[in-house]
Amino acid sequence: MDTTIVRNSFREKFGTSGVLYFSPGRINLIGEHTDYNGGYVLPGAIDKGILTEITPNTSDRVRVYSLDLNDYVEFGLDEKDKPSASWAHYIFGVCREMIKRGARPHGFDAVFSGNVPLGAGLSSSAALESTFAFALNDLFDYDFDKKELVLIGQKTEHNYCGVNCGIMDQFASIFGKEGNLVRLDCSTMEYEYIPFNPLGYKLVLVDSVTKHELVDSPYNKRRQSCERAAAAITVNHPHVKLLGNADLEMLKEVKKLISEEDYMRAQYAIQENTRLINTCEALKQGDYQTVGRNLYATHHGMSKLYEVSTIELDFLNDTAKACGVTGSRMMGGGFGGCTINLVAEDKYDLFIDTAINRFKDKFGKEPKIYPVKISQGARRLNE
Ligand code: GLA
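Bear in mind the structure is a predicted one, so any value in this text is a computation, not a measurement.

Looking at the ligand, there are 13 residues lining it, with Glu32, His33, Asp35, Asp169 and Tyr219 nearest. In the environment of the ligand, an oxygen atom lies 2.6 Å from a nitrogen or oxygen atom belonging to the side chain of Asp35. In the environment of the ligand, an oxygen atom lies 2.6 Å from a nitrogen or oxygen atom belonging to the side chain of Asp169. In isolation the ligand exposes 310 Å². Once the protein is present, 96% of that is buried. Here the shell around the ligand is built from residues that sort into five nonpolar, four polar and four charged.

Take a look at the structure:
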(Lines give C-alpha, C1' and ligand atoms only; values in the text may rest on other atoms or scores of the structure.)
Protein backbone atom coordinates (compact mmCIF):
# COMPACT_ATOMS: atom_id res chain seq x y z
CA MET A 1 0.00 0.00 0.00
CA ASP A 2 1.18 3.50 -0.75
CA THR A 3 2.20 5.08 2.53
CA THR A 4 2.69 8.58 1.09
CA ILE A 5 -0.98 9.54 1.07
CA VAL A 6 -1.38 8.58 4.73
CA ARG A 7 1.87 10.34 5.67
CA ASN A 8 0.87 13.53 3.85
CA SER A 9 -2.59 13.55 5.32
CA PHE A 10 -1.25 12.98 8.83
CA ARG A 11 1.16 15.91 8.51
CA GLU A 12 -1.62 18.12 7.17
CA LYS A 13 -4.03 17.24 10.00
CA PHE A 14 -1.68 17.07 12.96
CA GLY A 15 1.43 19.00 11.84
CA THR A 16 3.79 16.19 12.78
CA SER A 17 4.46 12.57 11.92
CA GLY A 18 3.82 9.25 13.67
CA VAL A 19 4.52 5.54 13.34
CA LEU A 20 2.99 3.40 10.60
CA TYR A 21 1.22 0.10 11.21
CA PHE A 22 -0.48 -2.30 8.83
CA SER A 23 -2.99 -5.10 9.44
CA PRO A 24 -4.41 -7.31 6.71
CA GLY A 25 -7.81 -8.68 5.79
CA ARG A 26 -8.13 -12.44 5.35
CA ILE A 27 -9.33 -15.27 3.20
CA ASN A 28 -10.48 -18.60 4.59
CA LEU A 29 -9.83 -21.73 2.55
CA ILE A 30 -12.37 -23.84 4.41
CA GLY A 31 -14.04 -24.05 7.83
CA GLU A 32 -16.81 -21.49 7.68
CA HIS A 33 -19.02 -20.75 10.70
CA THR A 34 -16.98 -23.27 12.64
CA ASP A 35 -15.07 -20.75 14.79
CA TYR A 36 -17.86 -19.84 17.20
CA ASN A 37 -18.75 -23.54 17.32
CA GLY A 38 -15.35 -24.33 18.79
CA GLY A 39 -14.18 -26.06 15.62
CA TYR A 40 -11.28 -25.46 13.23
CA VAL A 41 -10.71 -22.73 10.65
CA LEU A 42 -8.08 -22.39 7.93
CA PRO A 43 -7.62 -18.70 7.10
CA GLY A 44 -4.70 -16.74 5.71
CA ALA A 45 -3.88 -13.03 5.76
CA ILE A 46 -3.95 -11.22 2.42
CA ASP A 47 -1.93 -8.37 0.96
CA LYS A 48 -4.79 -5.93 1.41
CA GLY A 49 -5.51 -4.25 4.71
CA ILE A 50 -5.56 -1.11 6.80
CA LEU A 51 -2.64 1.27 7.11
CA THR A 52 -2.56 3.55 10.16
CA GLU A 53 -0.24 6.34 11.15
CA ILE A 54 -0.44 7.10 14.82
CA THR A 55 1.23 9.09 17.57
CA PRO A 56 0.47 9.76 21.25
CA ASN A 57 -0.93 13.21 22.00
CA THR A 58 -0.75 15.10 25.27
CA SER A 59 -4.49 14.92 26.02
CA ASP A 60 -6.79 12.12 27.11
CA ARG A 61 -8.67 12.34 23.83
CA VAL A 62 -8.49 10.35 20.62
CA ARG A 63 -8.47 12.19 17.29
CA VAL A 64 -8.86 10.01 14.21
CA TYR A 65 -9.24 10.78 10.56
CA SER A 66 -10.56 8.20 8.10
CA LEU A 67 -8.94 9.14 4.82
CA ASP A 68 -11.21 6.98 2.67
CA LEU A 69 -14.42 8.30 4.21
CA ASN A 70 -13.02 11.82 4.60
CA ASP A 71 -14.44 11.84 8.10
CA TYR A 72 -12.86 13.09 11.31
CA VAL A 73 -13.87 12.00 14.81
CA GLU A 74 -12.77 12.97 18.32
CA PHE A 75 -13.71 11.06 21.44
CA GLY A 76 -12.80 10.54 25.08
CA LEU A 77 -11.95 7.16 26.54
CA ASP A 78 -14.77 6.64 29.04
CA GLU A 79 -17.59 4.22 28.29
CA LYS A 80 -20.01 7.16 27.89
CA ASP A 81 -17.84 8.71 25.15
CA LYS A 82 -18.82 6.29 22.36
CA PRO A 83 -18.70 8.31 19.12
CA SER A 84 -21.70 8.29 16.79
CA ALA A 85 -19.87 7.45 13.53
CA SER A 86 -20.13 3.69 13.14
CA TRP A 87 -16.63 3.26 11.66
CA ALA A 88 -15.22 4.82 14.84
CA HIS A 89 -16.89 2.18 17.05
CA TYR A 90 -14.17 -0.28 16.03
CA ILE A 91 -11.45 2.05 17.31
CA PHE A 92 -13.32 3.17 20.40
CA GLY A 93 -14.10 -0.49 21.18
CA VAL A 94 -10.44 -1.49 20.93
CA CYS A 95 -9.46 1.33 23.33
CA ARG A 96 -12.21 0.37 25.78
CA GLU A 97 -11.39 -3.34 25.66
CA MET A 98 -7.73 -2.53 26.37
CA ILE A 99 -8.66 -0.28 29.28
CA LYS A 100 -10.96 -2.99 30.68
CA ARG A 101 -7.93 -5.28 30.66
CA GLY A 102 -5.86 -2.84 32.68
CA ALA A 103 -4.29 -0.60 30.03
CA ARG A 104 -3.71 2.95 31.15
CA PRO A 105 -5.85 5.32 29.00
CA HIS A 106 -3.90 7.63 26.73
CA GLY A 107 -4.90 10.03 23.97
CA PHE A 108 -3.54 9.66 20.43
CA ASP A 109 -3.84 11.05 16.95
CA ALA A 110 -4.28 8.78 13.95
CA VAL A 111 -4.98 8.71 10.23
CA PHE A 112 -5.91 5.49 8.49
CA SER A 113 -6.72 4.23 5.03
CA GLY A 114 -7.49 0.80 3.64
CA ASN A 115 -7.63 -1.21 0.45
CA VAL A 116 -9.70 -4.18 1.69
CA PRO A 117 -12.87 -4.08 -0.39
CA LEU A 118 -15.67 -3.22 2.05
CA GLY A 119 -18.52 -5.67 2.50
CA ALA A 120 -16.73 -8.31 0.43
CA GLY A 121 -16.30 -10.74 3.33
CA LEU A 122 -12.57 -10.08 3.61
CA SER A 123 -12.75 -8.77 7.17
CA SER A 124 -12.04 -5.11 6.73
CA SER A 125 -13.40 -4.61 10.25
CA ALA A 126 -10.96 -7.11 11.79
CA ALA A 127 -8.15 -5.39 9.89
CA LEU A 128 -9.21 -2.08 11.40
CA GLU A 129 -9.42 -3.48 14.93
CA SER A 130 -6.12 -5.29 14.58
CA THR A 131 -4.19 -2.32 13.27
CA PHE A 132 -5.28 -0.22 16.26
CA ALA A 133 -4.88 -3.01 18.81
CA PHE A 134 -1.40 -3.79 17.50
CA ALA A 135 -0.40 -0.12 17.24
CA LEU A 136 -1.62 0.94 20.69
CA ASN A 137 -0.02 -2.07 22.30
CA ASP A 138 3.30 -1.23 20.67
CA LEU A 139 3.11 2.54 21.12
CA PHE A 140 2.15 2.50 24.79
CA ASP A 141 4.04 -0.67 25.79
CA TYR A 142 0.86 -2.29 27.04
CA ASP A 143 2.39 -5.75 26.96
CA PHE A 144 -0.64 -7.65 25.73
CA ASP A 145 0.39 -10.81 23.93
CA LYS A 146 -0.84 -11.48 20.40
CA LYS A 147 -3.67 -13.78 21.51
CA GLU A 148 -4.97 -11.04 23.82
CA LEU A 149 -4.88 -8.59 20.91
CA VAL A 150 -7.01 -11.05 18.96
CA LEU A 151 -9.53 -11.26 21.82
CA ILE A 152 -9.59 -7.47 22.16
CA GLY A 153 -10.61 -7.24 18.50
CA GLN A 154 -13.27 -9.93 18.86
CA LYS A 155 -14.74 -8.38 22.01
CA THR A 156 -14.86 -5.03 20.22
CA GLU A 157 -17.20 -6.63 17.68
CA HIS A 158 -19.34 -8.18 20.42
CA ASN A 159 -19.56 -5.22 22.75
CA TYR A 160 -19.36 -2.19 20.45
CA CYS A 161 -20.42 -3.31 16.97
CA GLY A 162 -23.28 -5.76 17.54
CA VAL A 163 -21.72 -8.78 15.81
CA ASN A 164 -21.31 -11.95 17.84
CA CYS A 165 -18.45 -13.13 15.66
CA GLY A 166 -15.99 -15.92 16.27
CA ILE A 167 -12.23 -15.56 16.54
CA MET A 168 -11.12 -16.33 13.00
CA ASP A 169 -10.85 -12.91 11.38
CA GLN A 170 -8.90 -11.19 14.13
CA PHE A 171 -6.67 -14.24 14.54
CA ALA A 172 -5.78 -14.30 10.85
CA SER A 173 -5.16 -10.57 10.79
CA ILE A 174 -2.77 -10.70 13.76
CA PHE A 175 -1.14 -14.13 13.22
CA GLY A 176 -1.07 -14.32 9.41
CA LYS A 177 2.18 -15.53 7.87
CA GLU A 178 3.33 -15.09 4.29
CA GLY A 179 2.77 -18.20 2.17
CA ASN A 180 0.95 -20.02 4.99
CA LEU A 181 -2.57 -20.74 6.07
CA VAL A 182 -3.27 -20.93 9.80
CA ARG A 183 -5.01 -24.03 11.05
CA LEU A 184 -6.59 -22.78 14.23
CA ASP A 185 -8.41 -24.83 16.83
CA CYS A 186 -10.92 -22.25 18.00
CA SER A 187 -11.70 -24.06 21.24
CA THR A 188 -8.10 -23.92 22.51
CA MET A 189 -6.59 -21.20 20.30
CA GLU A 190 -3.82 -23.63 19.41
CA TYR A 191 -2.62 -23.15 15.89
CA GLU A 192 -0.32 -24.49 13.24
CA TYR A 193 0.97 -22.86 10.07
CA ILE A 194 0.27 -24.85 6.92
CA PRO A 195 2.42 -23.88 3.93
CA PHE A 196 0.17 -23.12 1.02
CA ASN A 197 1.75 -23.00 -2.38
CA PRO A 198 -0.45 -25.00 -4.74
CA LEU A 199 1.80 -25.49 -7.74
CA GLY A 200 -0.12 -25.26 -11.00
CA TYR A 201 -3.12 -23.58 -9.36
CA LYS A 202 -4.24 -20.06 -8.59
CA LEU A 203 -6.44 -18.89 -5.78
CA VAL A 204 -8.78 -16.11 -6.83
CA LEU A 205 -11.76 -14.33 -5.31
CA VAL A 206 -14.76 -13.32 -7.33
CA ASP A 207 -16.70 -10.56 -5.62
CA SER A 208 -20.45 -10.74 -6.19
CA VAL A 209 -20.60 -7.02 -5.35
CA THR A 210 -23.69 -7.62 -3.28
CA LYS A 211 -23.91 -6.08 0.11
CA HIS A 212 -22.49 -7.91 3.03
CA GLU A 213 -23.53 -6.53 6.37
CA LEU A 214 -23.22 -8.69 9.43
CA VAL A 215 -24.54 -6.19 11.96
CA ASP A 216 -28.18 -7.03 12.77
CA SER A 217 -27.95 -9.79 10.23
CA PRO A 218 -29.04 -13.41 10.51
CA TYR A 219 -25.40 -14.15 11.42
CA ASN A 220 -26.18 -13.92 15.13
CA LYS A 221 -29.25 -16.14 14.60
CA ARG A 222 -27.09 -18.85 13.02
CA ARG A 223 -24.92 -18.80 16.08
CA GLN A 224 -27.93 -19.13 18.37
CA SER A 225 -29.24 -22.11 16.40
CA CYS A 226 -25.91 -23.88 16.81
CA GLU A 227 -25.81 -23.10 20.52
CA ARG A 228 -29.31 -24.54 21.02
CA ALA A 229 -28.36 -27.73 19.18
CA ALA A 230 -25.15 -28.02 21.21
CA ALA A 231 -27.05 -27.50 24.47
CA ALA A 232 -29.42 -30.35 23.56
CA ILE A 233 -26.45 -32.64 22.85
CA THR A 234 -24.77 -31.66 26.14
CA VAL A 235 -27.62 -33.30 28.07
CA ASN A 236 -26.56 -36.75 26.76
CA HIS A 237 -22.87 -35.96 26.37
CA PRO A 238 -21.77 -33.57 29.12
CA HIS A 239 -18.25 -33.18 27.69
CA VAL A 240 -19.71 -31.68 24.51
CA LYS A 241 -20.19 -27.96 25.02
CA LEU A 242 -20.02 -26.82 21.42
CA LEU A 243 -20.66 -28.45 18.05
CA GLY A 244 -16.93 -28.60 17.31
CA ASN A 245 -16.80 -31.60 19.67
CA ALA A 246 -20.00 -33.23 18.48
CA ASP A 247 -20.60 -35.76 15.72
CA LEU A 248 -23.58 -36.52 13.52
CA GLU A 249 -24.66 -39.48 15.66
CA MET A 250 -24.99 -37.24 18.70
CA LEU A 251 -26.96 -34.76 16.66
CA LYS A 252 -29.34 -37.46 15.43
CA GLU A 253 -30.10 -38.39 19.03
CA VAL A 254 -31.61 -34.95 19.62
CA LYS A 255 -33.31 -34.59 16.27
CA LYS A 256 -36.82 -34.67 17.73
CA LEU A 257 -35.92 -32.23 20.51
CA ILE A 258 -34.76 -29.33 18.38
CA SER A 259 -36.31 -27.44 15.51
CA GLU A 260 -35.75 -28.59 11.95
CA GLU A 261 -33.93 -25.36 11.27
CA ASP A 262 -31.54 -25.76 14.21
CA TYR A 263 -30.91 -29.32 13.06
CA MET A 264 -29.91 -28.21 9.56
CA ARG A 265 -27.59 -25.52 10.92
CA ALA A 266 -25.93 -27.96 13.29
CA GLN A 267 -25.61 -30.63 10.61
CA TYR A 268 -23.73 -28.18 8.42
CA ALA A 269 -21.45 -27.03 11.25
CA ILE A 270 -20.49 -30.59 12.21
CA GLN A 271 -19.91 -31.66 8.60
CA GLU A 272 -17.86 -28.54 7.91
CA ASN A 273 -15.49 -29.30 10.74
CA THR A 274 -14.92 -32.81 9.37
CA ARG A 275 -14.36 -31.38 5.89
CA LEU A 276 -11.71 -29.06 7.24
CA ILE A 277 -9.78 -31.88 8.88
CA ASN A 278 -10.00 -33.89 5.68
CA THR A 279 -8.87 -30.88 3.62
CA CYS A 280 -5.77 -30.40 5.78
CA GLU A 281 -4.84 -34.04 5.15
CA ALA A 282 -5.37 -33.58 1.42
CA LEU A 283 -3.23 -30.42 1.45
CA LYS A 284 -0.38 -32.36 3.06
CA GLN A 285 -0.60 -34.91 0.23
CA GLY A 286 -0.84 -32.20 -2.43
CA ASP A 287 -4.22 -33.68 -3.37
CA TYR A 288 -5.96 -30.60 -4.73
CA GLN A 289 -8.78 -32.59 -6.31
CA THR A 290 -9.97 -33.57 -2.83
CA VAL A 291 -9.46 -30.01 -1.57
CA GLY A 292 -11.56 -28.79 -4.48
CA ARG A 293 -14.36 -31.30 -3.93
CA ASN A 294 -14.52 -30.23 -0.30
CA LEU A 295 -14.84 -26.59 -1.29
CA TYR A 296 -17.84 -27.42 -3.47
CA ALA A 297 -19.35 -29.47 -0.65
CA THR A 298 -18.94 -26.52 1.70
CA HIS A 299 -20.73 -24.27 -0.72
CA HIS A 300 -23.58 -26.70 -0.97
CA GLY A 301 -23.85 -26.88 2.82
CA MET A 302 -23.69 -23.12 3.26
CA SER A 303 -26.34 -22.64 0.62
CA LYS A 304 -28.78 -25.46 1.45
CA LEU A 305 -28.30 -26.20 5.16
CA TYR A 306 -26.86 -23.07 6.68
CA GLU A 307 -28.72 -20.84 4.21
CA VAL A 308 -26.27 -17.97 4.15
CA SER A 309 -25.76 -17.83 0.37
CA THR A 310 -27.33 -15.51 -2.20
CA ILE A 311 -28.46 -16.08 -5.78
CA GLU A 312 -25.40 -14.22 -6.97
CA LEU A 313 -23.02 -16.45 -5.01
CA ASP A 314 -24.82 -19.62 -6.10
CA PHE A 315 -24.58 -18.41 -9.68
CA LEU A 316 -20.82 -17.82 -9.37
CA ASN A 317 -20.41 -21.25 -7.84
CA ASP A 318 -22.32 -22.89 -10.70
CA THR A 319 -20.24 -20.93 -13.19
CA ALA A 320 -17.02 -22.16 -11.60
CA LYS A 321 -18.26 -25.74 -11.82
CA ALA A 322 -19.24 -25.31 -15.47
CA CYS A 323 -15.74 -23.98 -16.24
CA GLY A 324 -14.05 -26.98 -14.64
CA VAL A 325 -12.69 -24.98 -11.70
CA THR A 326 -11.14 -27.42 -9.21
CA GLY A 327 -12.84 -25.96 -6.12
CA SER A 328 -15.15 -23.05 -5.43
CA ARG A 329 -17.34 -21.84 -2.62
CA MET A 330 -18.78 -18.74 -1.05
CA MET A 331 -16.52 -17.36 1.65
CA GLY A 332 -16.98 -15.62 4.99
CA GLY A 333 -20.09 -14.89 7.01
CA GLY A 334 -22.41 -14.90 4.01
CA PHE A 335 -25.33 -12.86 2.65
CA GLY A 336 -23.05 -11.45 -0.05
CA GLY A 337 -19.34 -11.07 -0.59
CA CYS A 338 -16.99 -13.29 -2.58
CA THR A 339 -16.48 -16.81 -3.79
CA ILE A 340 -13.02 -18.30 -3.31
CA ASN A 341 -11.82 -20.39 -6.23
CA LEU A 342 -8.98 -22.85 -6.62
CA VAL A 343 -8.33 -22.82 -10.36
CA ALA A 344 -5.88 -24.84 -12.43
CA GLU A 345 -3.66 -22.36 -14.27
CA ASP A 346 -4.76 -23.53 -17.72
CA LYS A 347 -8.42 -22.87 -16.84
CA TYR A 348 -7.84 -19.49 -15.22
CA ASP A 349 -8.39 -17.10 -18.13
CA LEU A 350 -11.45 -18.96 -19.38
CA PHE A 351 -12.98 -18.96 -15.91
CA ILE A 352 -12.38 -15.28 -15.25
CA ASP A 353 -13.77 -14.21 -18.66
CA THR A 354 -16.79 -16.47 -18.33
CA ALA A 355 -17.54 -15.40 -14.76
CA ILE A 356 -17.37 -11.70 -15.66
CA ASN A 357 -19.46 -12.01 -18.81
CA ARG A 358 -22.16 -14.35 -17.51
CA PHE A 359 -22.54 -12.42 -14.28
CA LYS A 360 -22.83 -9.15 -16.15
CA ASP A 361 -25.47 -10.59 -18.48
CA LYS A 362 -27.50 -11.96 -15.60
CA PHE A 363 -27.21 -9.24 -12.94
CA GLY A 364 -26.26 -6.15 -14.95
CA LYS A 365 -23.09 -5.47 -12.98
CA GLU A 366 -19.53 -6.68 -13.17
CA PRO A 367 -18.09 -8.89 -10.45
CA LYS A 368 -14.68 -7.86 -9.18
CA ILE A 369 -11.69 -10.19 -9.35
CA TYR A 370 -9.05 -10.33 -6.62
CA PRO A 371 -6.09 -12.69 -7.05
CA VAL A 372 -5.03 -13.89 -3.59
CA LYS A 373 -1.54 -13.49 -2.17
CA ILE A 374 -1.15 -15.03 1.28
CA SER A 375 0.76 -12.44 3.28
CA GLN A 376 2.09 -11.39 6.65
CA GLY A 377 -0.11 -10.42 9.63
CA ALA A 378 -0.20 -7.19 11.70
CA ARG A 379 3.08 -5.32 11.82
CA ARG A 380 4.87 -2.05 12.39
CA LEU A 381 6.32 -0.58 9.20
CA ASN A 382 9.84 0.66 9.59
CA GLU A 383 9.98 3.70 7.43
C1 GLA B 1 -17.45 -13.76 9.87
C2 GLA B 1 -17.09 -13.79 11.36
C3 GLA B 1 -16.14 -14.94 11.67
C4 GLA B 1 -16.66 -16.25 11.11
C5 GLA B 1 -17.10 -16.10 9.66
C6 GLA B 1 -17.77 -17.34 9.14
O7 GLA B 1 -16.32 -13.46 9.10
O8 GLA B 1 -16.49 -12.57 11.74
O9 GLA B 1 -15.90 -15.02 13.04
O10 GLA B 1 -17.71 -16.75 11.91
O11 GLA B 1 -17.98 -15.01 9.48
O12 GLA B 1 -16.87 -18.38 9.09
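As a further point, take the sheet that holds strand 7 (residues 180-185). The strand order across the open sheet formed by three strands is 2-7-8, and the pairing between neighbours is antiparallel. Strand pairing shows two members of the sheet lacking a second neighbour, strand 2 (40-41) and strand 8 (190-195), which therefore form its edges. Across two bridges, the pairing between strand 2 and strand 7 is antiparallel. Within strand 7, the position partnered with Tyr40 by the bridge is Asp185.

Once that is clear, we can look at the sheet that holds strand 6 (residues 108-114). Strands sit in the order 5-4-6-3-1-13 across an open sheet of six strands; the sheet is mixed. Only two strands of the sheet have a single neighbouring strand rather than two, namely strand 5 (71-75) and strand 13 (379-381). Adjacent strand axes in the sheet meet at a mean angle of 25 degrees when their direction is disregarded. In the sheet, strand 1 (residues 19-28) pairs with strand 3 (residues 43-56) via nine bridges, with the strands oriented antiparallel. Bridged to Phe22 within strand 3 is Leu51. Across the sheet, helix 5 (residues 168-175) touches strand 1 and strand 3, and the angle it forms with strand 1 is around 130 degrees.

Rules and cut-offs
- Residues numbered from 1 in each chain as written.
- Predicted model: local features only at pLDDT ≥ 70, side-chain atom pairs only at ≥ 80, totals over all residues.
- Heavy atoms only, no water.
- Near = heavy atom within 4 Å.
- Polar contact = N/O pair within 3.5 Å; in protein donor to acceptor, adjacent residues only side chain to side chain.
- Areas by Shrake-Rupley, 256 points an atom, 1.4 Å probe, with all protein chains shown as cover.
- Nonpolar A, V, L, I, M, F, W, Y, C, P; charged D, E, K, R; others polar.
- Pairing = 2+ DSSP bridges.
- Helix = DSSP H or I, 4+ residues; strand = E, 2+ residues; numbered from the N terminus.
- Axes fitted to C-alpha atoms, helices over the stretch in contact; angles between N-to-C directions.
- Contact = heavy atoms within 4.5 Å.

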